[in-house]
Amino acid sequence: MNSWNILTAAPSAGKSSVLRELSSRGYRTCPESATIVLDQHISEGGDVSSFRNTEEFNDKIVEKDIQTIKNTPQNEIVFFDRSIFDNIVYRQMSGLETPDVEEYVPLFDNIFIFERLPIESDYRRTEDDEEAEKIQKLLVETYEELGFNPQFVELDTVVNRADYIEELAVYGPPVIH
C-alpha cells in the first residue's frame, strides 16, 4: 500500500513529536526542509535572523522539498513534516512570489493540520502568536485551494494523535452509511 501524508500546522504544534512516534512504528518519515536548510546555514556560520525570510532561503526550501519528493519511494506509506505547499504560505507572509507547485498535488493523499499550541520560541521559531494564527489560517486556505480535504488533528497526547493519523493514512476515513 502507498500513501503520502503531510503533517502541517503553524510552528510549535507538535508535528515533529508525532512524526518521531510514527517513525518508531516503522513508517518512513521525511523531516521538515526548512529545518534542514536552516541547520545547514548555521553550520556554515550564517545568521538565522537575516536569512529566514529571504528569497534565497525560501528557494532552498523548495529545492530541498523537490529533492525529497524525487527521492521518496511512491510505493510506501510516508509521513512528511510539512511539504512543498507550506512554502506558498511562508512566501506570501514574506512578500515573495509563490512557487508553481501544483504538479505535485496528485502525489499526496492526506493532509493533517494540527491544532495550534502556544509558541515555544527557539532558533527556528521566531513567530509570535498573532503570526502563528495567520500562518494556521493561510495553511488551511492554501491546502483547500489546492483541492485537498484536510483532516484536523486535535490537541491530545503524541500517541493518540499518531493513532488518529495512522488510522486515516493506513485504512482511510470511516465509511458513513
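Please read these numbers as outputs of a predicted model, since none were measured by experiment.

In total, this model carries eight aromatic pairs according to the counting rule given. Ring pairs connect the aromatic residues Trp4, Phe80, Phe85, Phe108, Tyr143 and Phe148, which therefore count as one cluster.

Scanning the model with the defined rule gives 11 salt bridges in all. Residue Asp163 is joined to Arg25 by a salt bridge in which the shortest nitrogen-to-oxygen separation is 2.7 Å. Of this pair, Asp163 sits in helix α7 (residues 158-171) while Arg25 sits in the loop between α1 (15-24) and β2 (28-30), placing them 138 residues apart in sequence. We classify Asp163 as partly exposed; its relative accessible area is 34%. A salt bridge links Glu76 to Arg28; its shortest N-O distance comes to 2.8 Å. Of the two residues, Glu76 is situated in the loop between α4 (55-71) and β3 (77-81) and Arg28 in strand β2; the sequence distance between them amounts to 48 residues. Residues joined by salt bridges that share partners form a network here, namely Glu21, Arg25, Asp163 and Glu166.

With that out of the way, let us pick up helix α2 (residues 33-43). Of the residues making up α2, those classed as buried are Ser33, Ala34, Thr35, Val37, Leu38 and His41. Just beyond α2, the residue with positive phi is Gly45, at close to 85 degrees.

So, on to empty space enclosed by the protein. Taken as a whole, this structure holds one cavity of 30 Å³ or more when the rule is applied. In this structure, the largest cavity spans a volume of roughly 80 Å³. For the largest cavity, the full set of lining residues is Cys30, Pro31, Ser33, Asp65, Thr68, Ile69, Phe80, Asp81, Arg82, Ser83, Ile84 and Phe108. Within the residue set of the lining of the largest cavity, elements represented by two or more residues are α4 and β3. Element by element, the count of residues in the lining of the largest cavity is highest for α4, at three residues.

Reading the values: rules and limits
Residues numbered from 1 in each chain as written. Predicted model: local features only at pLDDT ≥ 70, side-chain atom pairs only at ≥ 80, totals over all residues. Heavy atoms only, no water. Phe/Tyr/Trp six-rings, centres within 6.5 Å; stacked < 30°, edge-to-face > 60°. Salt bridge = Lys/Arg side-chain N within 4 Å of Asp/Glu carboxyl O. Helix = DSSP H or I, 4+ residues; strand = E, 2+ residues; numbered from the N terminus. Buried < 20%, exposed > 50% of the residue type's maximum accessible area, 1.4 Å probe, protein only. 1 Å grid on protein atoms, 1.4 Å probe; cavity = no way out; pocket = protein on both sides within 12 Å on 5 of 7 lines; lining within 4 Å. Points joined across faces, edges and corners; volume = space filled by probe spheres on them.

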